[in-house]
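For reference, the chains in residue letters:
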Amino acid sequence: DSLYKMIIELDDKLSIEKKLNNLITYSNYLSDDNPQMEKVVITDKLTDKSLDDFTEMVQSKKTTKDKWVEKVQSLINEMSKQLNQIEVATNKTIALFEGNEVKKDSSSKDYEAALIEVEKIVREKDREKLLEKLKQVKDYLEKQQALKNSSEVAEVAEEQYLLNSFDEARLYLAEQM
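In short, a report on the structure.

Things to note about the pattern of salt bridges
- For the structure shown, the criterion picks out eight salt bridges.
- For aspartate 12, the salt bridge identified is with lysine 61, shortest N-O distance 3.9 Å. With aspartate 12 in helix α1 (residues 2-23) and lysine 61 in the loop between α2 (48-60) and α3 (67-94), this pair connects stretches of sequence that are 49 residues apart.
- We classify aspartate 12 as buried; its relative accessible area is 12%.
- Relative accessible area serves as the criterion here: at 24%, lysine 61 is assigned to the partly exposed category.
- Through salt bridges with shared partners, a single network forms among Glu9, Lys13 and Asp66.

Rendered as C-alpha cells:
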C-alpha cells in the first residue's frame, strides 16, 4: 500500500515536471541542489491561463510537502512574477500611445519609467517587442527636442536681428542730429 502511494506520488511529480518543462527554460531547477532563480525564464507558452491551469494541477496532486514541492511553489511564484512584470511594462508602454501614435504629452520622464520596467522583463520576445515600441517614443521625443531647439535658435536670431536693427537706427539718428 505505501509502495503504491509512493509510485502514484512519483508519477504525479513526473507529470508536474513534464508540464513545467513546457513553461520554463531552466529544466534543471528541480534537481539542482542550489537552484538559481535568475536562470528561470518563462516560455512563450506561459500565459495567465496556463499558469492557473498548472497551479491547479499541482494543487490537485496529493504530493507530500517536501523540498521538491517547495521548489515547484517557488517556480510558480517566479512565473507569476515574470508575467506580472510583462503586464506592468506593457501598461506603462501603452500609456505613451494613443492608438499607434505617440501621445503628444509624452515626456522623457514617462519614457524612462517605461524603459526601466521593460528592461526588467526576462522573456526576450516581450522585452524586444516593447523596446521596439519605446524606440518610437524615443524618436518622437528626440524630434520634439530638435524642434524646440531649432525654434529657440530662431528666437535668439530674431532677437539679435532686432537688437542690431535698433543699434543701426540709433546710430542713424545720432548721425542725423
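There's more to say after this.
Considering the packing of α2 against α3
- At a minimum axis separation of 11 Å, α2 and α3 run at an interaxial angle of 165°. With respect to their mutual orientation, α2 and α3 come out roughly antiparallel. Crossing geometry of α2 relative to α3 is assigned as left-handed. Across from Asp48, Leu51, Phe54, Thr55 and Val58 in α2, the residues of α3 making contact are Val72, Ile76, Met79, Ser80 and Leu83.
- Residues of the contact of α2 with α3, tallied by class, amount to seven nonpolar, two polar and one charged.

Thresholds applied
- Residues numbered from 1 in each chain as written.
- Predicted model: local features only at pLDDT ≥ 70, side-chain atom pairs only at ≥ 80, totals over all residues.
- Heavy atoms only, no water.
- Salt bridge = Lys/Arg side-chain N within 4 Å of Asp/Glu carboxyl O.
- Helix = DSSP H or I, 4+ residues; strand = E, 2+ residues; numbered from the N terminus.
- Buried < 20%, exposed > 50% of the residue type's maximum accessible area, 1.4 Å probe, protein only.
- Axes fitted to C-alpha atoms, helices over the stretch in contact; angles between N-to-C directions.
- Parallel < 35°, antiparallel > 145°, perpendicular 65-115°, else oblique.
- Left-handed = near helix turned anticlockwise from the far one by under 90°.
- Contact = heavy atoms within 4.5 Å.
- Nonpolar A, V, L, I, M, F, W, Y, C, P; charged D, E, K, R; others polar.

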